Amino acid sequence: MTRKQIPSTGLLRDYASRNPGTLLIGKSVFHYEEVASTQDIARKLARQGAEEGTVVIAEKQTGGRGRRGRHWASPDGGLYLSIILRPNLEPARALRLPLVAGVAVAGAIKKVTTLQPRLKWPNDIFIAGKKVGGILTETSTKKGKIDHTVLGIGLNVNTARSLFPPAIRETATSLAEESGRNIAPLELLQCLFDEFEALYVEFLASGFDKIREQWKAMSNTIGSRVKIDSGGAEIEGEALDIDGEGFLLLRRRDGNVERVISGDVSPPTTRL
Ligand code: BTN
């Protein structure tokens, strides 16, 4: 398959020449109208030594990737970006990065719209019970240390419902569909960079505690009875909390509390 990488001529074209105002995230921005996957481009750049904070953005992806090998539908109107991070962390600690990013994405949505995003563990962004965004992290290690993490964020911003594949049309939504107006993508992007940079710096300097509280305050998972598919095995219980490592604490029917590292929380999460 040939990869189509079309340099952007659209809305994001001038982004790199502006001063984005962040010190780290978005210092270098590679923007494309259409690519297979921004993750692939960012991973290649990272392997070639691109600096931390480098961002790859596309207005459309033909081979967008989601968690657990799924396809990520990436039609016109969405924001699809991958951020190269080089955190000085033990690889296990990087498991919290998608949760940090979730808080940043939700924070940016709140600032730029009047919508109330909710976070579904581990890293989905929901509005009014429908998925509006997702986060994918891919980490590469060298000698037991993180060399780089590529943080991918897909957000349905001005996506028309008709552009979603039929299979997700009832379960996905966009910010424009929910707010009834078009959202300025550059404003949202800048806000996302600001929010993520502040939280990332805090996470590296002071740990996960405060961010964990913010995540919980926006969660639609905690306090709900959920079913989790963690790759074959399905477990059910009450989602009690996330711990300091970002694991979900699930109380099973027999009263035992299990720590779940990842999985798909299925639907819909009902408040107890
Ligand atoms: C999920 O499964 O919910 C995560 C979706 C992540 C999609 C984003 S879009 C930008 C980046 N490029 C990709 O191919 N995937 C991520």
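Novice: Looking at this structure, I do not really get the pattern of salt bridges. What am I missing?
Specialist: For side chains of opposite charge, pairing can occur when their charged atoms come near one another. All chains considered together, the criterion is met by 23 salt bridges. Between Arg 70 and Asp 264 there is a salt bridge; the shortest N-O distance is 2.8 Å. Here the residue Arg 70 occupies a position in the loop between strand E3 (55–58) and strand E4 (78–85), and Asp 264 occupies one in strand E13 (residues 264–271), the gap between them amounting to 194 residues. Judged by its relative accessible area of 39%, Arg 70 falls in the partly exposed class. Using a relative accessible area of 17% as the deciding quantity, one classes Asp 264 as buried.

Novice: Help me understand helix H1 (residues 38–47), please; the structure alone is not making it clear to me.
Specialist: Because an α-helix completes one turn every 3.6 residues, residues spaced three or four positions apart along the sequence face the same direction. Buried residues of H1: Thr 38, Gln 39, Ile 41, Ala 42, Leu 45 and Ala 46, and no others. Seen end-on, H1 carries its buried residues on one side only, within an arc spanning 165°. On its buried face, H1 sits against strand E2 (29–34), E3, E4, strand E7 (130–142) and strand E8 (145–156). A distance of 3.1 Å separates the backbone nitrogen of Gln 39 from a side-chain oxygen at the start of H1, and that oxygen is part of Ser 37. Of the residues flanking the end of H1, it is Gly 49, one or two places downstream, whose phi is positive at about 100°.

Novice: Would you mind showing me how to read the nonpolar core here?
Specialist: Across soluble globular proteins, you tend to see nonpolar side chains buried next to one another. By size, the foremost hydrophobic cluster in this structure holds 60 residues, and its most contacted members are Leu 81 and Phe 196. Sort the elements by how many residues they give to this core and helix H2 (residues 97–112) lands first, with 11 residues. Residue contributions to this core reach at least three from each of two domains, namely domain 1 (10–217) and domain 2 (225–266). If you look at the next biggest cluster of nonpolar residues, it comprises 11 residues, including Ala 42, Leu 45, Ala 58 and Ile 84.

Novice: Would you mind showing me how to read the packing of H2 against helix H4 (residues 185–206) here?
Specialist: Packed helix pairs are specified by the crossing angle of their axes together with the interaxial distance, meaning the distance between the axes. In contact at an axis separation of 8 Å, H2 and H4 are set at 140° when each is read in the N-to-C sense. By the angle class used here, H2 and H4 are oblique. Crossing geometry of H2 relative to H4 is assigned as right-handed. Packed against H2, whose contacting residues are Leu 97, Val 100, Ala 101, Val 103, Ala 104, Val 105, Gly 107, Ala 108, Ile 109, Lys 111 and Val 112, the element H4 presents Glu 187, Leu 188, Cys 191, Leu 192, Glu 195, Phe 196, Leu 199, Tyr 200 and Phe 203 at the interface. For the contact of H2 with H4, the per-class residue count stands at 16 nonpolar, one polar and three charged.

Novice: Sorry, what's going on with the site of the ligand here?
Specialist: Not every one of the 20 residues close to the ligand is listed here, only the nearest: Ser 37, Gln 61, Arg 65, Arg 67 and Lys 131. Between the ligand and the protein, one listed contact pairs an oxygen atom with a backbone N or O atom of Arg 67 at 2.7 Å. At a separation of 2.7 Å, an oxygen atom of the ligand approaches a polar side-chain atom of Lys 131. When contributions to the shell around the ligand are tallied by element, the ones reaching two or more residues are H1, E4, E7 and E8. Sorting elements by how many residues they give to the shell around the ligand places E7 first, with four residues. A class-by-class count of the residues in the shell around the ligand yields six nonpolar, 10 polar and four charged.

Novice: Quick question: what am I supposed to make of the pairing of E3 here?
Specialist: Looking along a regular strand, one sees the side chains alternate between the two faces of the sheet. Along E3, one buried face is formed by Val 55 and Ile 57 and the opposite face, lined by Val 56 and Ala 58, is buried too. In the sheet, E2 pairs with E3 via four bridges, with the strands oriented parallel. Among the inter-strand pairings, Val 29 is bridged to a residue of E3, identified as Val 55. Handedness of the crossover joining E2 and E3 through H1 is recorded here as right-handed. Judged from the four bridges that link them, E3 and E4 form a sheet pairing that is antiparallel.

Calculation criteria
- Residues numbered from 1 in each chain as written.
- Predicted model: local features only at pLDDT ≥ 70, side-chain atom pairs only at ≥ 80, totals over all residues.
- Heavy atoms only, no water.
- Salt bridge = Lys/Arg side-chain N within 4 Å of Asp/Glu carboxyl O.
- Helix = DSSP H or I, 4+ residues; strand = E, 2+ residues; numbered from the N terminus.
- Buried < 20%, exposed > 50% of the residue type's maximum accessible area, 1.4 Å probe, protein only.
- Arc of directions from axis to C-beta.
- Contact = heavy atoms within 4.5 Å.
- Polar contact = N/O pair within 3.5 Å; in protein donor to acceptor, adjacent residues only side chain to side chain.
- Core = buried A, V, L, I, M, F, W, Y, C linked by side-chain atoms within 4.5 Å.
- Domains from an automatic or database assignment.
- Axes fitted to C-alpha atoms, helices over the stretch in contact; angles between N-to-C directions.
- Parallel < 35°, antiparallel > 145°, perpendicular 65-115°, else oblique.
- Left-handed = near helix turned anticlockwise from the far one by under 90°.
- Nonpolar A, V, L, I, M, F, W, Y, C, P; charged D, E, K, R; others polar.
- Near = heavy atom within 4 Å.
- Pairing = 2+ DSSP bridges.
- Right-handed = clockwise from strand over helix to strand, strands pointing away.

Interpretation note: all reported values are geometric properties and have no functional meaning in isolation.
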